[in-house]
Amino acid sequence: MSKLDDNIAKLDGYLARFRDTGIRNRIAGADVAGAGGVFQTISPVDKSVICDVALGTAPDIDVAAQAANAAFPAWRDLPAPERKRILVRVAEGIEARAEEIALCECWDTGQAFKFMSKAALRGAENFRYFADQVVQARDGQHLKSPTLMNVTSRVPIGPVGVITPWNTPFMLSTWKIAPALAAGCTVVHKPAEASPLTARLLVEIAEEAGLPPGVLNTVNGFGEGAGKALCEHPKIRAIAFVGESKTGSLITKQGADTLKRNHLELGGKNPVIVFEDADLDRALDAVIFMIYSINGERCTSSSRLLVQEGVREDFEARLVERVNNIRVGHPLDPATEVGPLISEEHFTKVTSYFDIAEQDGATVAAGGETIGSEGYFVRPTLFTGARNDMRIAQEEIFGPVLTSIPFSTEDEALHIANDTPYGLTGYVWTNDLTRALRFTDKLEAGMIWVNSENVRHLPTPFGGVKASGIGRDGGDWSFEFYMEQKHVGFALGPHKITKLGAL
Ligand code: NAD
């Protein structure tokens, strides 16, 4: 039996239970039908129905928010070592079911097993990392003044909403939910409607690990229904959101009446700048990896290649050869490098840029075609001869599509790199140290890597500037979002208190 057939057989076993019961919402430790009925989740591999999913709407969000609110005091007050133990057990549970998570994720999203087999383990790492931070999360400072001993501490903000997208949904959910739970918050999670499978697995694993009922609740449904209701709910104190920039604006508007704290991780149109003096072999590998892995459905993808004129022709020629060799196929085949796009809607959006590129005068140097009609497959695509004012250089395509733009001078590269509404990541390839320092100083991005692809280190801040977001994840930055600072001043003695109304 080939590895592909083996994976398909295993997946079939894992999905059997969902075919029978569908995916229900999980509220206060119980399965609950959606007030709106059901919707279906479709596999992008062959457009088949995977299963029914509870269609959560405002009443479901209300029940879940009440459950999270009821569970909050006990979870907040649980001694830190006990909360830590539970989070470590969640990490162990994820590791134990990593294969199931990976296979379900691939089938639900079209992501290649090659990358998703590690996504579950990265989810476990998120839980382990934040479990290790639990004990000191509430620590504060002593800020002594002449009359007072001022003491700060941090307290969890309360029940929070977590709204996640469909690209690497399991890993992204854990990235948000792990620090929220570590901080002592309770959570209502609204996963993306296009990829509900692994959110269900996560809540099951968490409960099996001993997470008390109501601490993590999962309500499925669409953005304009369940998502909006979560943002508007008065018991929910903050929303951690990952998704498109225009949805980020809606999240802010919807939360205005209840004064929500929002953390927004949004879109990107990230530049990778290749200077003539760079190690071009390594730059080539990184450029390809950062746009064509994860189907290009990746917020941090390097979707704009800025390549210096002196090396451009040769670099693009090598790029074309490699891009044409990328293995597109069944996501459960371990050899596959690019799988199908998530949905018909997204497939239509991504493929529309093939015409847009030509209309704008760019060259389709590789790809620019769909593959078959069974699923939502496209050929990895490279546009060359582009200018930065073209739509293919300004808009987030969010697929395996790279736009190459030439530049001559460092100043020109900087201008092009910054000339976008977004500012999530930037990648700079040069062996000139002072240029790297100068360039990164002026590059408008929340995260920059020099002579490297994106390598996530959990204690570092993750987030974007401009239309790419507000706020940071990672290390203590996550706790700044999920917790409130509290200050208490203790008088050191009988300092003078101004007397009003006294004779
Ligand atoms: P999306 O904004 O369409 O949806 C994301 C989530 O928001 C889904 O769960 C959706 O149901 C929900 N939603 C939609 N409308 C809503 C509303 N009015 N109120 C509340 N919730 C609502 O994004 P997507 O298409 O699922 O994901 C792709 C996008 O996510 C890309 O733009 C990508 O760059 C971005 N992304 C950003 C990061 C980051 O860290 N910056 C990471 C991953 C993905």
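Calculation criteria
- Residue numbers run consecutively from 1 along every chain, following the written order of its sequence.
- Given that the model is predicted, a residue must reach a pLDDT of at least 70 before its local features are reported, and side-chain atom pairs must reach 80 or more before they are shown or counted; all residues, however, enter totals for whole chains, interfaces and linings.
- Computation of side-chain values covers all heavy atoms of the structure but excludes hydrogens and water.
- Per the convention used, a helix needs a DSSP run of H or I reaching at least four residues, while a strand needs a run of E reaching at least two, with both numbered from the N terminus.
- Only C-alpha atoms enter the radius of gyration, while the globule expectation follows 2.2 Å times N to the 0.38, with N the number of residues.
- Contact between two residues is taken to exist if any of their heavy atoms lie within 4.5 Å; hydrogens are not considered.
- Working definition of accessibility: Shrake-Rupley area with a 1.4 Å probe, residue cover restricted to the visible protein chains.
- UniProt positions are given in the numbering used here, feature names are shortened, and annotations may be inferred rather than shown by experiment.
- Two strands qualify as a pair provided DSSP detects at least 2 bridges between them.
- A fitted line through C-alpha atoms serves as each axis, taken over the contacting stretch for helices, and the angle formed by two N-to-C directions is quoted from 0 to 180°.
- We call a set of buried Ala, Val, Leu, Ile, Met, Phe, Trp, Tyr and Cys residues a nonpolar core when their side-chain atoms join them within 4.5 Å.
- Relative accessibility thresholds used throughout: buried, under 20% of the residue-type maximum; exposed, over 50%; partly exposed, between the two (1.4 Å probe, protein chains only).
- Throughout, the edges of the domains are those of an automatic or database domain assignment.
- Here a residue is near a molecule or strand as soon as one of its heavy atoms is found within 4 Å of it.
- In the analysis that follows, any N or O atom pair within 3.5 Å is treated as a polar contact, provided that within protein one partner can donate a hydrogen and the other can accept it, and provided that, for residues neighboring in sequence, both atoms belong to side chains.

Some points on the overall build of the protein
If you tally the helices and strands in the protein, you get 16 helices and 24 strands. Relative to the globule expectation of 23 Å for 503 residues, the C-alpha radius of gyration of the protein, 24 Å, shows essentially globular dimensions. Taking all contacts inside the protein whose residues are at least 6 apart in sequence as the whole, residues at least 24 apart take part in 73%. Here the protein displays about 20200 Å² of accessible surface, and carbon together with sulfur accounts for 53% of that area.

Observations concerning the UniProt feature "active site" (unreviewed entry) in the protein
With numbering matched to this structure, UniProt assigns "active site" (unreviewed entry) to Glu 265. For Glu 265, the position within the fold is in strand S11 (residues 261-265). With sequence-adjacent residues up to four places away left out, Glu 265 is seen in contact with Lys 176, Phe 241, Val 242, Gly 243, Phe 462, Ser 468 and Asp 473.

Describing the sheet that holds strand S5 (residues 142-144)
Taken in spatial order, the three strands of this open sheet run S5-S6-S24, and their pairing is antiparallel. With one partner strand each, in any of the chains shown, S5 and strand S24 (483-491) form the two edges of the open sheet. Shown here is a sheet whose adjacent strand axes are inclined to one another by a mean of 25°, direction ignored. For strand S6 (residues 148-156) and S24, the ladder comprises nine bridges, and the chain directions are antiparallel. Looking at the pairing, Thr 152 lines up with His 487 of S24. Sitting on the sheet, helix H16 (residues 475-482) touches S6 and S24, and the angle it makes with S24 is about 80°.

Some remarks on the nonpolar core
Judged by nonpolar contacts, the single largest core of 105 residues is most densely connected at Ile 94, Phe 127, Leu 181, Val 274, Leu 305, Phe 315 and Leu 319. A domain split of this core shows at least three residues from each of domain 1 (7-266 + 464-487) and domain 2 (271-450). Excluding anything up to four places from it in sequence, Phe 315 contacts Val 274, Leu 280, Ala 283, Leu 284, Val 287, Leu 305 and Val 307. In this structure, Tyr 353, Ala 362, Phe 407 and Val 428 belong to the second largest nonpolar core, which totals 29 residues.

Quick word on the site of the ligand
Near the ligand there are 29 residues, and of these Lys 190, Glu 193, Thr 247, Leu 266 and Glu 396 occur at the shortest range. Thr 164 places a polar main-chain atom, nitrogen or oxygen, 2.8 Å from an oxygen atom of the ligand. Leu 266 has a polar backbone atom sitting 2.7 Å from a nitrogen atom of the ligand. Expressed as a share of its isolated accessible area of 850 Å², the protein-covered part of the ligand is 93%. Secondary-structure elements contributing two or more residues to the shell around the ligand are helix H8 (223-232), strand S10 (238-242) and helix H9 (245-254). Looking at the shell around the ligand, the element that brings in the most residues is H9, giving four residues. Counting contributing residues, the shell around the ligand receives three or more from each of domain 1 (7-266 + 464-487) and domain 2 (271-450).

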